[in-house]
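A look at the structure
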Amino acid sequence: MATKGNSGDRKSRSQLSLIIVIGLCCFFYILGAWQRSGFGKGDTIALEVSKNAECVLNNLNYETHSGGDDGKFDDSESTVRIYPCEDRFIDYTPCQDQMRAMTFPRENMNYRERHCPPQEEKLHCLIPAPKGYATPFSWPKSRDYVPYANAPYKSLTVEKAIQNWIQYEGNVFRFPGGGTQFPYGADAYINELASVIPMDSGMVRTALDTGCGVASWGAYLFKKNVVAMSFAPRDSHEAQVQFALERGVPAVIGVLGTVKLPYPSRSFDMAHCSRCLIPWGANDGMYMMEVDRVLRPGGYWVLSGPPISWKTNFKGWNRPIKELEAEQNKIEDIAKSLCWEKKHEKGETAIWQKRINDHSCRERVTQSTMCSKNEENVWYEKMEACITPYPETSGPDEAVGGAWKPFPERLNAVPFRISGGSVPGVSEEAYLEDNRLWKKHVNAYKRVNKILDSGRYRNIMDMNAGLGGFAAAIDSPKLWVMNVMPTIAEKDTLGVIYERGLIGIYHDWCEAFSTYPRTYDLIHANGVFSLYNDNRCDTVDILLEMDRILRPEGAVIFRDQADVLNKVNTIVKGMRWNTKWVDHEDGPLLSEKILFAVKQYWVAGEKSTESPQ
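Now for a quick tour of the structure. The numbers attached to residues start from 1 for each chain and follow its sequence in the written order. This being a predicted model, a pLDDT of at least 70 is required before a residue's local features are given, and a value of 80 or more before pairs of side-chain atoms are given or counted; all residues contribute to the totals for chains, interfaces and linings. Based on all heavy atoms of the structure, the side-chain values leave hydrogens and waters out of the count.

Comments concerning the nonpolar core
Our working definition: Definition used in this section: a nonpolar core is a set of buried Ala, Val, Leu, Ile, Met, Phe, Trp, Tyr and Cys residues joined via side-chain atoms within 4.5 Å. Accessibility here uses a 1.4 Å probe with only protein chains present; expressed as a share of the type maximum, an area under 20% marks a residue as buried, one over 50% as exposed, and anything in between as partly exposed. By definition in these notes, contact holds between two residues if any of their heavy atoms fall within 4.5 Å.
If you look at the biggest cluster of nonpolar residues, it comprises 134 residues, and the most contacted ones within it are Trp217, Tyr263, Trp280, Trp301, Met546 and Phe558. When neighbours within four sequence positions are excluded, Trp217 is seen to be in contact with Phe182, Tyr189, Ile190, Leu193, Ala207, Leu208, Asp209, Ala228, Met270 and His272.

Here it is as structure tokens:
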């Protein structure tokens, strides 16, 4: 719906009859989606979404509108006024800022890791969208097309022109699904892997893609119902992670460097590197050991590109044959020490499988190489060249973590971490009750935000994911959820989330998230502000970060105590957000409330009339 006009106009519109509201809602829903989605005029994708979605019958603006915002917003009920940042901050990533990065050592990619600004250097303004910003196409069209205005960077179209990564066509980028290691397309490459790795049966569900580029591998894995957590550094390949998220593919800015990856041990069913340029044999195999830490027993590691098949390809790679031979031998030796079994090598692709327990290879591992620290304490923890030990099993045939369940059966089945008692205070009964509760919550959400599962929202974040109940209740091929486990949460349940076939990440909300601006369509914030209500960090800072990563006209669902949400509501009204209060679905006497919000559409160059000059 349109957001033009002053506060008096908005008040008068709210007093119209229900029939007029319904008519206007549907009209602007369709008109706005048509005019601002992807290609623009003539595009039919947004119209298809409109046909399949009910209109939203409240005071929120859930859909794109025609014309630009006039730069004004109603802050009559707000004591906080927050104004736009300068236009040069359009793609600001606070903890991966390029200028700050260059002040850190280059050894082991330290300068590409997270380096967040101190409090006094944080921006306290709203990050603008680029001029011409358009709502992304609906999935699966977004996989192949991205509006040029959303990420106007052409360097990859030149650098990777012959590798079929990305092409610039008029006012859009097109992603043909190619890659350096899959010249015949991602589908053909993935099908080759699937001849060895059981993707089609649902047994392999979660994947980690290291050095992902524009994440075409992850994009096409969705056909197999496999969800990949992709990461790449913010480097000279401009906007590769931004492109991935614009396409609707899970990705974060990250690198294998000096600190542990922000994922729990024994989480991913599969890990992948396709010419990711990671020196796997360096630092005594430290990077392979980190992949081993996050790989489930029985999981698979795929390595494509040099040095695999060096005997055939060393001339084309323009590298000394002895160097390549030594590199592959080093990788093979490390894999053996990690208890990995080589399952396949063909062309430039090799596949190893991590054994289900250590009974068959205990003699290969000396006590001095085993890690001794708490394996789940990973946030900013230094990476070490040590092997994460397997938990004990009773016999050679018992799989660590229990037998694998296929997806989607594993989504709601009781995870082994819970049935095995490794999550203190969470019983099987409590887990099942949590599932029931979140199904009820999500059904209530859909009664207010009637386009929640229409395909309008592709990239969704749960800021305080708990057991993953929200993501499981909203599960759909149209969307994916980034389940965030706050580092200060009372219980670490991120391993449970992965066991369910979902993905997630550790994060401290006192810092910026490792992503570009405007990369999430919907954010769910359950109890986040109560969790951080000890003055650990400022509420405004967390809300500004939510605004940074939320798309224009993206939605937020806050669930918290009424007094907490009252403070939140006061702030976001000064941030160009529209809000709507809703009682708990069990009645108005409960102190927990729900606050729905929608970020207004506005772009760089638009100034509030009350903004300081």
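A few points about the layout of surface pockets
Applicable threshold: A pocket here means an open set of points on a 1 Å grid, computed over the protein atoms alone, that has protein on both sides within 12 Å along at least five of seven lines. A cavity is instead a set of points where a 1.4 Å probe fits but cannot get out; residues with an atom within 4 Å of a point line either one. Grid points are joined across faces, edges and corners, and a volume is the space filled by probe spheres set on the points. Think of it this way: any DSSP run of H or I at least four residues long counts as a helix, any run of E at least two long counts as a strand, and we number them from the N terminus. All amino acids are sorted into three groups, where Ala, Val, Leu, Ile, Met, Phe, Trp, Tyr, Cys and Pro are nonpolar, Asp, Glu, Lys and Arg are charged, and the leftover types, Gly among them, are polar.
Taken as a whole, the second largest pocket spans an internal volume of roughly 700 Å³. Going through the elements one at a time, α8 (216-221), β5 (227-232) and β7 (268-274) are the ones with two or more residues in the lining of the second largest pocket. When its residues are assigned to classes, the lining of the second largest pocket shows 18 nonpolar, 14 polar and four charged.

What to know about the sheet that holds strand β11 (residues 459-462)
For clarity, the threshold we go by: Pairing between strands is defined by DSSP: at least two bridges between the two strands are required. Axes, fitted as lines to C-alpha atoms, cover a helix only where it is in contact. Angles between the N-to-C directions of the axes lie from 0 to 180 degrees.
The strand order across the open sheet formed by seven strands is β13-β12-β11-β14-β15-β17-β16, and the pairing between neighbours is mixed. The outermost strands of the open sheet, each flanked by one partner alone, are β13 (503-507) and β16 (577-583). Mean inter-strand twist for the sheet, computed between neighbouring axes without regard to direction, equals 20 degrees. Examined bridge by bridge, strand β12 (residues 480-486) and β13 share five bridges and lie parallel to one another. Residue pairing in the sheet places Asn483 in a bridge with Gly504 of β13. Packing of helix α19 (residues 539-549) onto the sheet brings it into contact with β11, β14 (520-526), β15 (550-561), β16 and β17 (592-599), and relative to β15 it is tilted by some 145 degrees.

Focus: the pairing of β15
Within β15, 11 of the 12 residues are buried, leaving the element largely enclosed by the surrounding structure. Bridging between β14 and β15 involves six bridges; their strand directions are parallel. Following the sheet pairing, His524 is matched in β15 by Ile557. Relative to β17, β15 is paired through seven bridges, and the arrangement is antiparallel. Note on β17: the bridge partner recorded for Val556 is Ala597.

Examining the pattern of salt bridges
Which entries qualify depends on this criterion: Each salt bridge in this description consists of a side-chain nitrogen of Lys or Arg and a carboxyl oxygen of Asp or Glu lying within 4 Å of one another.
Counting across every chain of the model gives 30 salt bridges. A salt bridge links Arg296 to Asp269; the nearest nitrogen and oxygen atoms lie 3.1 Å apart. You can see Arg296 sitting in strand β8 (residues 295-304) and its partner Asp269 sitting in strand β7, a full 27 residues away along the chain. Accessibility classification places Arg296 together with Asp269 in one group, the buried group.

Details of the sheet that holds β5
Read from one edge to the other, the open sheet built from seven strands follows the order β6-β5-β4-β7-β8-β10-β9, with strand pairing classed as mixed. Unpaired on one side and paired on the other, β6 (251-253) and β9 (340-346) mark the two borders of the sheet. Between one strand axis and the next, the sheet turns through 20 degrees on average, direction left out of account. Judged from the five bridges that link them, β8 and strand β10 (residues 349-354) form a sheet pairing that is antiparallel. Pairing of Val302 across the sheet is with Ile351, part of β10.

Comments concerning helix α10 (residues 286-294)
With nine of its nine residues buried, α10 lies for the most part within the structure. For α10, every residue scored as buried is listed here: Met286, Tyr287, Met288, Met289, Glu290, Val291, Asp292, Arg293 and Val294.

Brief notes about the packing of α19 against helix α20 (residues 562-572)
This is how it is decided: Note on terminology: angles under 35 degrees are roughly parallel, angles over 145 are roughly antiparallel, angles of 65 to 115 are roughly perpendicular, and the others are oblique. Two helices crossing with the near one rotated counterclockwise from the far one by less than a right angle form a left-handed crossing, whereas a clockwise rotation gives a right-handed crossing.
Interhelical geometry of α19 versus α20 gives an angle of 60 degrees and a closest axis separation of 11 Å. The angle between α19 and α20 places the two elements in the oblique class. In the crossing of α19 with α20, the sense of the turn from one axis to the other is right-handed. Facing α19, whose interface residues are Thr539, Val540 and Leu543, α20 presents Lys567, Val568, Ile571 and Val572. Per-class residue counts for the contact of α19 with α20 are five nonpolar, one polar and one charged.

Concerning α20
A turn of α-helix holds 3.6 residues, and therefore any two residues three or four places apart point the same way. Counted only if it meets this: Directions from the helix axis toward the C-beta atoms define the arc.
Of all the residues in α20, the buried ones are Val564, Leu565, Val568, Asn569, Ile571 and Val572. Buried residues in α20, looked at end-on, bunch into an arc of 160 degrees, giving them a common side. Where α20 is buried, its residues contact α18 (528-531), α19, β15, β16 and β17.

Digging into empty space enclosed by the protein
Applying the stated criterion across every chain, the model contains seven cavities of 30 Å³ or more. The calculated volume of the largest cavity comes to roughly 310 Å³. What lines the largest cavity is a set of 22 residues, and nearest its centre among them are Arg114, Ile253, Lys260, Pro262 and Ser514. Contributions of two or more residues to the lining of the largest cavity are made by β6 and β13. Here the lining of the largest cavity gets three residues from one element, more than from any other, and that element is β13. Roughly 240 Å³ of internal volume is contained in the second largest cavity. Lining the second largest cavity are 17 residues, and of these Pro94, Lys122, Leu123, Asp541 and Glu545 sit closest to its centre.

Points about the state of the cysteines
Rules: Only a pair of cysteine sulfur atoms within 2.5 Å counts as a disulfide in this structure description.
Applying the stated criterion across every chain yields a total of six disulfides. Put simply, Cys85 and Cys125 are joined by a disulfide, and their sulfur atoms are 2.0 Å apart. An S-S torsion of about 100 degrees defines the bridge between Cys85 and Cys125 as right-handed. One end of the pair, Cys85, is in the loop between α3 (45-52) and α4 (98-101); the other, Cys125, is in the loop between α4 and α5 (141-144), with 40 residues separating them in the sequence. Across this residue pair, the class does not change: Cys85 and Cys125 are buried. Note that Cys273 is cross-linked by a disulfide to Cys276, the S-S spacing being 2.1 Å.

Some details on the packing of aromatic side chains
Let me state the cut-off plainly: Pairing of aromatic rings covers Phe, Tyr and the six-membered ring of Trp, with a centre-to-centre limit of 6.5 Å; geometry is then stacked below 30 degrees between planes, edge-to-face above 60, and tilted otherwise. Should the NZ of a Lys or the CZ of an Arg lie within 6 Å of a ring centre and within 35 degrees of the ring normal, that charge is described as sitting over the ring.
A complete count under the given rule lists 23 aromatic pairs for this structure. Relative to Tyr168, the ring of Tyr148 lies with its centre 5.0 Å away and its plane at 55 degrees, an arrangement referred to as tilted. With a gap of 20 residues between them, Tyr148 in the loop between β1 (145-147) and α6 (155-159) and Tyr168 in strand β2 (residues 167-169) connect regions that are remote in the sequence. Among the residues examined, Tyr148 registers a relative accessible area of 23% and is labelled partly exposed. Ring geometry for Trp509 against Phe513: centres 5.8 Å apart, planes inclined by 15 degrees, an arrangement best described as stacked. Through successive ring pairs, a cluster of aromatic residues spans Tyr148, Tyr168, Phe173, Phe175 and Phe243. The positively charged end of Arg458 is found above the aromatic ring belonging to Trp139, 3.7 Å away from the centroid. The lysine or arginine in question, Arg458, covers the ring of Phe222, its NZ or CZ lying 4.6 Å from the ring centre.

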